[in-house]
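Residue strings, one per chain:
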Amino acid sequence: DAVMQIEEGRIDSAEHLLDSLRTTAPDNDAILYYMGICRYAKRDFTGATGHLKEAVRLDPSNNWYLETLANLYIYTGEPAEAGNLYGILAERNPDRFRNSYTLALMADAYRLKRDYPNFFATLTTLVQDENTDDEQKYQALIGSLGNFDFRTFRAILPQMDTLTMRYAQAEPSSVHAHNLCLEIAVSRGDNEAVIRESETLMSLQPDDKEAQLTGLSIIGDTYHAIGQSRKAYKKYEQALKIDPGYCPVLNNYAYYLSQERRRLCKATKMSRITIDAEPDNATYLDTYGWILYLRGKAKEAKPYFKHAMIYGGKESEVILRHYSKVLEKLGEKDLADYYRGLADNKKK
């Protein structure tokens, strides 16, 4: 009768009947379960949780109780608690409960316990699941792998690398998977992997102009970082054939030429395009001003550095130090000392 009243929406009547039943059978798990359902219907989530937990304690083998409690935890914003219960359910009935959603919840539960072996094992199962589509895998990983503190992130980076590799192996044509592999490779400083993943992403998106430009830019920057400037400049030239006004490449190409003190006229022209396109970009202003300084035009360079100071240049040690050199060249020693001091503080 109580269950029928719940189904008909007569919650108060059902609850009154269940209360009277409980006086004669205080340890009956079914009564406690339906009392929890009544509390749930009245949005008394604390009361509902208490009744359902007691029902589970009295009959821990009842999957129905566990699933209802797990769903309540999800509703109340306690995914880790839900994940613990879904872990039990998945062991008992994997066909029903082992899916991307429940695996992600289980991973959250392991993460909060700092049980990283089981955290990564669960996510590996998820990304290798043939019945889960790529978008679901990606969203689950994004939700699970974010917001680690820096120290923990660095400690578990090798496991993240292995996980994303497993994802890419399971979904070899997935842009999502290879983007994650690229991000991890950058974090690990694995230049070979950065180049490989960038090339893979370009091959997967041959008609995507932005993907081609981004890939060539990253590969060029990576070659330069490992001292292979000729290969870097070749990649930059390829990118500029696609888009002669692509500022990230123009800026880096110009700046790296300025570091080598060569082809400064070419560097000036490239850098000028970037500040025309983005006149308030402190990084681009620094590059252009620095090239002017190297060409003996410190007076012309100064206004660009002054503008850079307004738009974030004071946050960069490099820009501050460049500006101090320009001021020193112009004989403004006190101001040069001031900006050099700011740069030294940033370095510390």
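Please refer to the structure placed before this passage.
Everything numeric in this text was worked out from a predicted model, so none of it was measured. (Residues numbered from 1 in each chain as written. Predicted model: local features only at pLDDT ≥ 70, side-chain atom pairs only at ≥ 80, totals over all residues. Heavy atoms only, no water.)

Colleague: I keep staring at the side chain of Thr102 and nothing clicks. Help me out?
Modeller: Among the structural elements, Thr102 can be located in helix α8 (residues 100-112). In this structure Thr102 touches Tyr86 and Phe97, once residues within four positions along its chain are discounted. (Helix = DSSP H or I, 4+ residues; strand = E, 2+ residues; numbered from the N terminus. Contact = heavy atoms within 4.5 Å.)

Colleague: Where do I start with the pattern of salt bridges in this structure?
Modeller: Close approach of charged atoms lets side chains of opposite charge pair. Within the structure shown, the criterion is met by 19 salt bridges. Among the salt bridges present, the one from Lys42 reaches Glu15, with a minimum N-O distance of 2.9 Å. On the criterion of sequence distance, the pair formed by Lys42 in the loop between α3 (29-41) and α4 (45-58) and Glu15 in helix α2 (residues 11-24) is long-range, its members being 27 residues apart. Here Glu171 makes a salt bridge to Lys137, at a shortest N to O gap of 2.7 Å. Here Glu171 is found in the loop between α11 (150-170) and α12 (175-188), whereas its partner Lys137 is found in helix α10 (residues 134-145), with 34 residues between them in sequence. For the residue pair Glu171 and Lys137, the accessibility class agrees, reading buried in each case. Via salt bridges that share partners, Asp12, Glu15, Arg39, Lys42 and Asp44 belong to a single interconnected network. (Salt bridge = Lys/Arg side-chain N within 4 Å of Asp/Glu carboxyl O. Buried < 20%, exposed > 50% of the residue type's maximum accessible area, 1.4 Å probe, protein only.)

Colleague: Sorry, what's going on with α12 here?
Modeller: Over its 14 residues, α12 runs 20 Å from end to end, which matches the ideal 20 Å to within 8%, given 1.5 Å per residue. Burial in α12 covers these residues: Ala177, His178, Leu180, Cys181, Leu182, Ile184 and Ala185. Those residues of α12 that are buried lie in contact with α10, α11, α13 (191-204) and α14 (209-225). In this structure Ser174 caps α12, since a side-chain oxygen of it lies 3.3 Å from the backbone nitrogen of His176. A positive phi of about 70 degrees marks Gly189, the residue just after α12. (Expected span 1.5 Å × (residues − 1). Polar contact = N/O pair within 3.5 Å; in protein donor to acceptor, adjacent residues only side chain to side chain.)

Colleague: Any chance you could explain the packing of aromatic side chains here in plain terms?
Modeller: Scanning the entire structure with this criterion turns up 20 aromatic pairs. Ring centres 5.0 Å apart and planes at 80 degrees place the aromatic pair Tyr33 and Tyr34 in the edge-to-face group. Looking at Tyr33, the relative accessible area reads 4%, which means it is buried. Where Phe305 meets Tyr323, the ring centres are 5.6 Å apart and the plane angle is 10 degrees; that geometry is what we call stacked. Note that Phe305 is positioned in helix α19 (residues 298-310) and Tyr323 in helix α20 (residues 317-329), a separation of 18 residues in sequence. Since its relative accessible area comes to 0%, Phe305 is described here as buried. A residue is classified by how much of its surface remains accessible, and Tyr323, at 3% relative accessible area, is buried. Taking NZ or CZ as reference, Arg111 lies 3.7 Å from the ring centre of Phe148, over its face. (Phe/Tyr/Trp six-rings, centres within 6.5 Å; stacked < 30°, edge-to-face > 60°. Lys NZ or Arg CZ within 6 Å of the ring centre and 35° of its normal.)

Colleague: Looking at this structure, I do not really get the environment of Glu332. What am I missing?
Modeller: Its location among the elements puts Glu332 in the loop between α20 and α21 (333-347). The contact partners of Glu332, leaving out residues within four places of it in the chain, are Lys302 and Leu327. Reaching out from Glu332, the side chain makes a polar contact with the side chain of Lys302 at a distance of 2.9 Å.

Colleague: Explanation requested: the environment of Lys302 in the structure shown.
Modeller: Relative to the helices and strands, Lys302 is located in helix α19. As a C-alpha pair, Lys302 and Ser229 span 73 residues in sequence and 29 Å in three-dimensional space. Those residues within four positions of Lys302 in sequence are excluded, and the remaining contacts are Tyr323, Val326, Leu327, Leu330 and Glu332.

Colleague: Even after reading the chapter, I still don't get the packing of helix α5 (residues 63-75) against helix α6 (residues 79-92), so can you show me in this structure?
Modeller: Pairs of packed helices are described in terms of their axes, by the angle between the two and the distance that separates them. Two elements in contact, α5 and α6, have axes separated by 8 Å at closest approach and are oriented at 155 degrees. Judged by the angle between their axes, α5 and α6 are roughly antiparallel. Crossing angle aside, the handedness with which α5 passes α6 is left-handed. In this structure, α5 uses Asn63, Leu66, Glu67, Leu69, Ala70, Asn71, Tyr73 and Ile74 to contact α6, whose residues at the interface are Pro79, Glu81, Ala82, Leu85, Tyr86, Ile88, Leu89 and Arg92. Considering only residue class, the contact of α5 with α6 consists of 11 nonpolar, two polar and three charged. (Axes fitted to C-alpha atoms, helices over the stretch in contact; angles between N-to-C directions. Parallel < 35°, antiparallel > 145°, perpendicular 65-115°, else oblique. Left-handed = near helix turned anticlockwise from the far one by under 90°. Nonpolar A, V, L, I, M, F, W, Y, C, P; charged D, E, K, R; others polar.)

Without other data, these values stay purely geometric and don't point to any function.
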